[in-house]
Amino acid sequence: MDKQTVLVTGATAGVGAAVARRFAARGARLVLVARRGDRLDALAAELGRDDIHTLVADVSDAEAFAEALKALPAPFDAVDVLVNNAGIGVGRDLAQDSNLADWSVMVRTNIDGLIAGTGALLPGMVARGRGHVINIGSVVGEWPGPRNAIYGATKAFVRQFSLCLRADLLGTGVRVTDVEPGIIGATEFTTVRFGGDMDQVRAMYEGMTPLGPDDIADAIEWAATRPAHVNVNIVQIMPVDQAFAAPAVARRGG
Ligand code: NDP
Ligand code: 8X3
């Protein structure tokens, strides 16, 4: 097959940067997307290739992001693998103590941004008869729990959107995968989520071994490199030190 073009959102940190490194090592042409242009430039320089296009974009501005993708120059416009990785969690409060502004950032980034990227690039994939949309969900999209009402709901959206896309794309040759990580360390996600409160970040990882960003990049690369007739629907990965909790019970009175 010709050289593949892989577009990764959220390439300036964590999972996205690890995905960029893995596909660069495979010789793919890359489109790297995030808001911090200096970090994109640094990654492109590190990868040391002349077939990388960087796109400074805020995916939560869905219309502008979609327009920017439609204006990608050739040959970067013919995206074979779209990794919808950019995502954010804001706050870890109970829903009743949260605020609409934080909720809105998660919805606009994790849902609006993800569907904008997909909608912009899907028609080209269908026209070419090949392509792969890889969405990054989360275990909390399946497993409910406290302090995740909006973030978890955005990731439940990612799962159902991915599965319904598959139904629509049946017969087109275009593949869709939802990769659902559990707790990952060594990314900026938890630091962003706790507003830079490093005591809370340390408490999150204390006494357990989280996944690393490359564990998820590995799964993404694996899904993307199956034979063309194979569609990996969902990959759910947790650290060994994470599992599910039993339904909670409030015991009232004496
Ligand atoms: P990081 O915070 O390390 O990286 C997030 C990336 O997304 C950064 O490159 C950031 O770049 C980019 N980004 C955030 N908001 C926007 C935006 N509005 N527009 C463009 N780019 C944006 O997170 P992870 O690598 O840990 O997370 C990657 C994905 O994995 C996310 O979808 C997350 O929800 C999911 N996930 C993470 C888990 C974890 O424990 N870390 C667990 C399960 C799922 P920049 O700031 O330069 O724009
Ligand atoms: C994030 C998972 O457990 O940090 O997708 O909320 S968790």
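That block above? That's the structure.
What this report covers is the structure whose coordinates are included nearby. (Residues numbered from 1 in each chain as written. Chains lettered and ligands numbered in written order. Predicted model: local features only at pLDDT ≥ 70, side-chain atom pairs only at ≥ 80, totals over all residues. Heavy atoms only, no water.)

Comments concerning the pairing of strand β5 (residues 131-136)
The buried count for β5 comes to six of six residues, which makes it a mostly enclosed element. Of the two faces of β5, both are covered, the one formed by G131, V133 and N135 as well as the one formed by H132, I134 and I136. Where strand β4 (residues 81-84) meets β5, four bridges bridge the pair, whose relative direction is parallel. Within the sheet, the bridge partner assigned to V83 lies in β5 and is I134. Relative to strand β6 (residues 174-181), β5 is paired through six bridges, and the arrangement is parallel. Along β6, the bridge assignment pairs V133 with V176. You can see the chain leave β5, run along helix α5 (residues 149-169) and come back into β6, and the turn it takes is right-handed. (Buried < 20%, exposed > 50% of the residue type's maximum accessible area, 1.4 Å probe, protein only. Helix = DSSP H or I, 4+ residues; strand = E, 2+ residues; numbered from the N terminus. Pairing = 2+ DSSP bridges. Right-handed = clockwise from strand over helix to strand, strands pointing away.)

Structural notes on the nonpolar core
In terms of nonpolar packing, the biggest core is built from 35 residues, with L30, L32 and I220 touching the most fellow members. For this core, the secondary structure elements donating two or more residues are β1 (5-9), α1 (14-25), β2 (29-34), α2 (37-47), β4, β5, α8 (213-224) and β7 (234-237). Tallying contributions element by element places α1 first for this core, with seven residues. When residues no more than four places from it in sequence are discounted, the contact partners of I220 are V15, V19, F23, V83, I134, I136 and V179. Formed by 27 residues, the second largest nonpolar core is a distinct cluster that contains L7, L72, V79 and V174. (Core = buried A, V, L, I, M, F, W, Y, C linked by side-chain atoms within 4.5 Å. Contact = heavy atoms within 4.5 Å.)

Describing the pairing of β4
A two-sided burial pattern is seen for β4, the buried positions comprising V81 and V83 on one face and L82 and N84 on the other. Here β1 pairs with β4 via three bridges, running parallel. Its bridge partner being in β4, L7 is matched across the sheet by L82. At this point the chain moves from β4, through helix α4 (residues 100-128), to the parallel β5, and the crossover so formed is right-handed.

Some remarks on the sheet that holds β4
Strand order in the open sheet formed by seven strands is β3-β2-β1-β4-β5-β6-β7, with parallel pairing between adjacent strands. Since the sheet does not close on itself, it has two edges, and those belong to β3 (52-56) and β7, each with one partner. Between one strand and the next, the sheet's axes are offset by a mean angle of 15°, whatever the strand orientation. Sheet analysis places β2 next to β3, joined by five bridges and oriented parallel. The residue bridging V33 from the neighbouring strand is L55, located in β3. Across the sheet, α5 touches β5, β6 and β7, and the angle it forms with β6 is around 160°. (Axes fitted to C-alpha atoms, helices over the stretch in contact; angles between N-to-C directions.)

Comments concerning the site of ligand 1
If you check the shell around ligand 1, you find 29 residues, and the closest are T12, R35, R36, Y151 and T187. Within the side chain of T12, one N or O atom sits 2.7 Å away from an oxygen atom of ligand 1. Between ligand 1 and V15, the relevant distance is 2.8 Å, taken from an oxygen atom to a main-chain nitrogen or oxygen of the residue. A total of 890 Å² of accessible area belongs to ligand 1 in isolation, and the protein chains cover 96% of it. Listing elements by their share of the shell around ligand 1, those giving two or more residues are α1 and α5. In terms of residue class, the shell around ligand 1 is built from 13 nonpolar, 11 polar and five charged. (Near = heavy atom within 4 Å. Polar contact = N/O pair within 3.5 Å; in protein donor to acceptor, adjacent residues only side chain to side chain. Areas by Shrake-Rupley, 256 points an atom, 1.4 Å probe, with all protein chains shown as cover. Nonpolar A, V, L, I, M, F, W, Y, C, P; charged D, E, K, R; others polar.)

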